[in-house]
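Each chain is listed here by its residues.
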Amino acid sequence: MRSIHFLGFFVLGTVAATAVGCGGDDEGVGGQGGAGGAGGATSSSTSSSTSSSVTTSTSSGGDEADPNDSIETAEAIEIDGDAVQATLEPVDADQDFYSFTGTKGQALYILTDAKPEKDETDPTYPDLVVSLLDAQGTQIARNDDPPQGGNDSRLVTVLPADGDYYLLVEECTSALGQDSCAPAEDIANFDYALGITLLDPAAADDDSLIGDMEPNDEAGQALPLHYEALADETGYYTTFVIGGFASATDVDVYSFTLPETPAAESGLKATLVTSAPPGPEGSGSTVDVSEITVFDAADLTTPYAKVDPSKGGSIEVPVKVGEAAEYLVFVNRAQGDVGANDFYILLHNRVEIDGLEAQDLTNNLATTPEGDLYSFDISGGGIAYAVDGQLADGLTPDTDYYALPVPENADETWKVSAFCGAQRHGSGLRELTVTLLNGDGTELGEGYTATENETTDLAITGVDLPASPAENRLLVKVSAGTPAEDVTSRSYDCTFGYLPAD
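Before going into details, it helps to say that this report is about the structure given with it. (Residues numbered from 1 in each chain as written. Predicted model: local features only at pLDDT ≥ 70, side-chain atom pairs only at ≥ 80, totals over all residues. Heavy atoms only, no water.)

Counting its regular elements, the protein chain contains 1 helix and 32 strands. By residue count, 57% of the 502 residues in the protein chain fall in the buried class. Counting contacts in the protein chain only where the partners sit at least 6 residues apart, residues at least 24 apart contribute 77% of the total. Carbon and sulfur atoms make up 47% of the accessible area of the protein chain, which amounts to about 20,400 Å² in all. (Helix = DSSP H or I, 4+ residues; strand = E, 2+ residues; numbered from the N terminus. Buried < 20%, exposed > 50% of the residue type's maximum accessible area, 1.4 Å probe, protein only. Contact = heavy atoms within 4.5 Å. Areas by Shrake-Rupley, 256 points an atom, 1.4 Å probe, with all protein chains shown as cover.)

Here it is as structure tokens:
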């Protein structure tokens, strides 16, 4: 049995990973704004907030007899106690149950850890799913993959009542069926760890937990969001906002000012994402967050950014930094009566922009595309390019072209992908469209273009690389329709990638 030292808060970063796991296809490049996850069961360290670490006991779990395969035989686990280590075997069918006692209103962070720290989507390790059950065994919450990326489940929830609860840990294939998961036969390592952390802002000894405190319904009552620096001072822990709606018309207002240090050469983005949708397949909340709106505090007339989280949106927009650059965040609930457990968990962080559009005056033609984009290697032997850009308003619609050099070792079996966000990241751009072109600007045909809308991500996933790309490159055309008048941001972010065939 392997051992790990602890599980802890994962940190929002700028990691772009290959899209593998319970989502289906594993070709191409995943979206950005992902998370550097907590380490896998083989790891000896992870990122951790001082108020949320969970120490591991190597003596619990992992019994060959696997006695905890039902609610009646559930193994006890304590909130803020030692994490347990166990094994799923057979990995595609085993179900492990754990029991604990909780109190109404407790905010819990339930962490699993199976994937290795160096690759949070490694298909040779289990893709865990964790479910929360009430005393009668009814599922009230579940997490497959966290919103920041990776395949280790992270369930953040608020308990609806005093009493006994159960956790069910299983592999994706057991929970969702083999058609929804990466092949279980590829899994060669069956161990995992499980821990429960209490999220209590009042007792926290750092600034990474914020509790909703009424009244905070207006700009003048905004609660400030804080930032807890990592030990190496290279970034900040994710700030967890634990909020609740006191009435059917309640609005919660927060403020933030991103720290200037550490310096970011290409600028910074602010991220705001709900931890999960409501309901038994999500966080367990009984209400949706229907809108997150961000205003520049110096101008409250028109929102800078706006999304509907109930449709999959999250805020990820470039912002100013420094003491004079304050922003206000308004969190609105969906219409309807107050439910039994109307809470939300909002995750916030500061993300460094890796690649910034640098040739806006000349990259509006296919004959003068912008090159030298920020690049990084991706697992599987491929390469990805990332850029954050703007499509400016004007009489002539702005269009951006980028050049993507084809890797020297690529052949016609390689695939190319593109993932971009604008409206679904809070921008006022509408109908963001990306088209992959041959290196001379000619079209490649059907399947090489995609358009974003409020409910649909922009994704071109694993299309064929031309046999002889012109000038040994591809071009990317980025355009959009008429922008929204009620949102001022015109930002977009994209990741493009080349990946060899399996």
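Here we come to the packing of aromatic side chains. For the structure on display, the rule yields 9 aromatic pairs. Their ring planes at 20 degrees and their centres at 5.7 Å tell us that Phe-100 and Tyr-165 sit as a pair that is stacked. Of this pair, Phe-100 sits in strand S7 (residues 95–102) while Tyr-165 sits in strand S12 (residues 163–171), and the two are 65 residues apart along the sequence. Seen in terms of ring centroids, Tyr-227 and Tyr-236 are 6.0 Å apart; in terms of plane orientation they differ by 75 degrees. Their pairing is edge-to-face. For Tyr-227, a relative accessible area of 14% gives the class buried. We classify Tyr-236 as buried; its relative accessible area is 10%. Three or more aromatic residues link up through ring pairs in this structure, and these residues are Phe-256, Tyr-304 and Tyr-327. (Phe/Tyr/Trp six-rings, centres within 6.5 Å; stacked < 30°, edge-to-face > 60°.)

Moving on: the state of the cysteines. Scanning the model with the defined rule gives 2 disulfides in all. Residue Cys-172 pairs covalently with Cys-181 via a disulfide, S to S 2.1 Å. The chirality of the disulfide connecting Cys-172 with Cys-181 is left-handed, given an S-S dihedral of about -80 degrees. Covalent S-S linkage joins Cys-420 and Cys-494, the inter-sulfur distance amounting to 2.0 Å. As the torsion about the S-S bond is roughly 115 degrees, the Cys-420-Cys-494 disulfide counts as right-handed. A residue pair is termed long-range when its members are at least 10 positions apart, and Cys-420 in strand S27 (residues 415–421) and Cys-494 in strand S32 (residues 491–499) qualify at 74 residues. Both residues of the pair, Cys-420 and Cys-494, count as buried. (Disulfide = S-S within 2.5 Å.)

As a further point, take the sheet that holds S32. Strands sit in the order S24-S25-S32-S27-S30 across an open sheet of 5 strands; the sheet is antiparallel. Whereas interior strands pair on both sides, the edge strands pair on one side only; in this sheet they are strand S24 (374–378) and strand S30 (458–464). Each strand axis lies, on average, 15 degrees off the axis of its neighbour in the sheet, ignoring direction. (Pairing = 2+ DSSP bridges. Axes fitted to C-alpha atoms, helices over the stretch in contact; angles between N-to-C directions.)

With that out of the way, let us pick up the pattern of salt bridges. Following the criterion strictly, the structure yields 12 salt bridges and no others. Among the salt bridges present, the one from Asp-486 reaches Lys-306, with a minimum N-O distance of 2.7 Å. In this pair, Asp-486 is assigned in the loop between strand S31 (473–479) and S32 and Lys-306 in strand S20 (residues 305–307), connecting sequence segments 180 residues apart. A salt bridge links Lys-415 to Asp-464; the nearest nitrogen and oxygen atoms lie 2.5 Å apart. In this pair, Lys-415 is assigned in strand S27 and Asp-464 in strand S30, connecting sequence segments 49 residues apart. Overall, the relative accessible area of 41% leaves Asp-464 in the partly exposed class. One continuous salt-bridge network, built from bridges that share partners, spans Arg-142, Glu-170 and Glu-281. (Salt bridge = Lys/Arg side-chain N within 4 Å of Asp/Glu carboxyl O.)

Once that is clear, we can look at unusual backbone geometry. Residues Glu-214 and Pro-215 are joined by a peptide bond in cis, for which omega reads 0 degrees. You can see Pro-215 is positioned in the loop between strand S14 (209–211) and strand S15 (223–224). A positive phi angle is found at Glu-431, which is not glycine, with a value near 55 degrees. Along the chain, the position of Glu-431 falls in the loop between S27 and strand S28 (433–438).

Turning our attention to the nonpolar core. With 30 residues, the main nonpolar core has Leu-432, Val-434, Tyr-492, Phe-496 and Tyr-498 as its most contacted residues. Put simply, the parts of the chain that give this core at least two residues each are strand S25 (382–390), strand S26 (400–405), S27, S28, S30, S31 and S32. A total of 4 residues in this core trace back to one element, the largest contributor, which is S32. If you look at the next biggest cluster of nonpolar residues, it comprises 29 residues, including Leu-258, Val-287, Val-294 and Ala-305. (Core = buried A, V, L, I, M, F, W, Y, C linked by side-chain atoms within 4.5 Å.)

The next point concerns the sheet that holds S15. The strand order across the open sheet formed by 5 strands is S15-S17-S22-S19-S20, and the pairing between neighbours is mixed. Strand pairing shows two members of the sheet lacking a second neighbour, S15 and S20, which therefore form its edges. Relative to strand S22 (residues 327–333), strand S17 (residues 251–256) runs antiparallel, the two sharing 6 bridges. Bridge pairing in S22 places Tyr-254 opposite Val-329.

Counting through the fold element by element, Thr-433 comes out in strand S28. For Thr-433, a relative accessible area of 17% translates into the label buried. A polar contact of 2.9 Å, which involves the side chain of Thr-433, links it to the side chain of Thr-451. Ignoring anything within four residues of it in the chain, the contact list for Thr-433 reads Thr-449, Ala-450, Thr-451, Leu-458, Lys-477, Val-478 and Ser-479. (Polar contact = N/O pair within 3.5 Å; in protein donor to acceptor, adjacent residues only side chain to side chain.)

Right, let's talk about the environment of Val-241 for a bit. Along the chain, Val-241 turns up in strand S16 (residues 239–244). We classify Val-241 as buried; its relative accessible area is 0%. As a C-alpha pair, Val-241 and Asp-212 span 29 residues in sequence and 7.2 Å in three-dimensional space. Leave out the neighbours within four places in its chain, and Val-241 touches Ile-210, Leu-225, Tyr-254, Tyr-344, Ile-345 and Leu-346.

This part is about the pairing of strand S19 (residues 289–296). Across the 8 residues of S19, 6 count as buried, placing the element largely inside the fold. Bridge count between S19 and S22: 7 bridges; the pairing is antiparallel. When the sheet's bridge partners are listed, Glu-291 is paired in S22 with Asn-332. By the bridge criterion, 3 bridges tie S19 to S20 in an arrangement that is antiparallel. For Ile-292, the partnering residue across the bridge sits in S20 and is Val-307.

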